[in-house]
Amino acid sequence: MSQFHLVAPSGYCINQDAARLGVTRLEASGHRVDNQTIIPRRLQRFAGTEQQRVADINDLVTLEGENQIILAVRGGYGASRLLETIDWAGLARRQQQDPLLICGHSDFTVIQLGLLALHNVITFSGPMLAGNFGAPELNRFTEEHFWRALKNPTFSVEWQGNGPQCECEGQLWGGNLAMLVSLIGTPWLPQIENGILVLEDINEHPFRVERMLLQLMHAGILGRQRAVVLGSFSGATPNDYDAGYTLETMIDYLRSRLDIPVIDGLAFGHEQQTVTLPLGAQATLWHSQADSRLTLHGHPVLKA
């Protein structure tokens, strides 16, 4: 069984019961869960002071033991405040010795992209303690895809996507769209060319999603990729004013502006059902008619 080590660099965990349920579930499966004292920690909307939250990340430099899964308690907001004080070089050294399997999404994306940008450190965009492992009912798809990614040096995810027929290879990167866009012009945004960019978000109206995607396009970032894969965009419900403008029509518009394939429909993001993807791994994307497949390799995995 594995050892989970919790970190809380972002928002206060408003659903304490969910976090405790997540711990109980993991322990019941035979896993050890360390650093539980951070779960109730709070300062204003944050999971503790800046010093406490950055220590969660910097203490990983000296965390001993193999098969350590680093799991974010939740997202929210707060990781952006820590970017200047994270020991990026120390974390990169720790990863060279015996890689930590670092997993989270949402606000945690900025830390994941920073590690990728500065030191090409691969992390996993996937479930978190409260929202996923502590859900009223643990989603079996999510659980299975989590262990699939962490245990297999090569693995695939398959779905029924939409988009032009394509087959391409490149470095997989991305995560939460709003967090990625917030890093444009900073040292923490990876400068990846010929990559496969995977994106998701929550509670963003389709026009806001479009505006962020156009910013990535105008900044030259989308045009340098081999393909874009869109995950879930929960809460992107149009209203009467939209008069037929939807997430789907927005994606059609994006496709009309780009020369690279845009494949949508991947169960990836803030939904209960989500795949786990190693950001920074090597990927092959294949899509034909309604069948899509991402095959990934080159990421760290649990040792037998």
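Thresholds applied
Residues numbered from 1 in each chain as written. Predicted model: local features only at pLDDT ≥ 70, side-chain atom pairs only at ≥ 80, totals over all residues. Heavy atoms only, no water. Helix = DSSP H or I, 4+ residues; strand = E, 2+ residues; numbered from the N terminus. Buried < 20%, exposed > 50% of the residue type's maximum accessible area, 1.4 Å probe, protein only. Phe/Tyr/Trp six-rings, centres within 6.5 Å; stacked < 30°, edge-to-face > 60°. Pairing = 2+ DSSP bridges. UniProt positions renumbered as here; feature names shortened; annotations may be inferred.

Under the annotation held in an unreviewed UniProt entry, the protein chain carries the name Muramoyltetrapeptide carboxypeptidase and is attributed to Lelliottia nimipressuralis.

Asker: What's the story with the environment of glycine 163 in this structure? I'm lost.
Answerer: Residue placement: glycine 163 occurs in the loop between strand S6 (154-160) and strand S7 (166-176). Judged by its relative accessible area of 30%, glycine 163 falls in the partly exposed class.

Asker: Would you explain the packing of aromatic side chains in this entry?
Answerer: Two aromatic rings are characterised by how far apart their centres lie and by the angle between their planes. Overall, the coordinates contain six aromatic pairs when judged by the stated rule. Centre to centre, the rings of phenylalanine 4 and phenylalanine 146 are 6.3 Å apart; their planes meet at 20°, and the pair counts as stacked. Here phenylalanine 4, found in strand S1 (residues 3-7), pairs with phenylalanine 146, found in helix H6 (residues 140-151); they are 142 residues apart in sequence, far enough to count as distant. Judged by its relative accessible area of 0%, phenylalanine 4 is buried. Ring centres of phenylalanine 146 and tryptophan 147 lie 4.9 Å apart, and the angle between their planes is 75°; on these two criteria the pair is classed as edge-to-face. Of the two residues examined, phenylalanine 146 and tryptophan 147, each falls in the buried class. A connected cluster of aromatic rings, assembled from ring pairs, spans Phe4, Phe133, Phe146 and Trp147.

Asker: It is not clear to me how the sheet that holds strand S12 (residues 282-288) should be interpreted in this structure. Could you clarify?
Answerer: For sheets, the rule is that strands pair by backbone hydrogen bonds, running either parallel or antiparallel. Read from one edge of the open sheet, seven strands run S6-S13-S12-S7-S8-S9-S10, paired in mixed fashion. The open sheet terminates on both sides in strands that have one partner only, identified here as S6 and strand S10 (262-263). As paired elements, S7 and S12 share six bridges and run antiparallel to each other. Paired with cysteine 166 across the strands is histidine 287, a residue of S12.

Asker: Looking at this model, I keep getting lost on the UniProt feature "domain: LD-carboxypeptidase C-terminal" (unreviewed entry) in the protein chain. Mind explaining?
Answerer: Mapped onto this structure's residue numbering, the UniProt feature "domain: LD-carboxypeptidase C-terminal" (unreviewed entry) falls at residues 169-285. End-to-end, the C-alpha atoms of residues 169-285 are 6 Å apart, and along that stretch the chain is 25% helix and 27% strand.

Asker: When you look at the pairing of S12 in this model, what are you seeing that I'm missing?
Answerer: If a strand is regular, its side chains alternate between the two faces of the sheet. By the bridge criterion, seven bridges tie S12 to strand S13 (residues 291-297) in an arrangement that is antiparallel. Within S13, the residue paired with histidine 287 across the bridge is serine 292. Counting the residues in the hairpin turn of S12 and S13 gives two residues, including glutamine 289, whose phi is positive at 55°.

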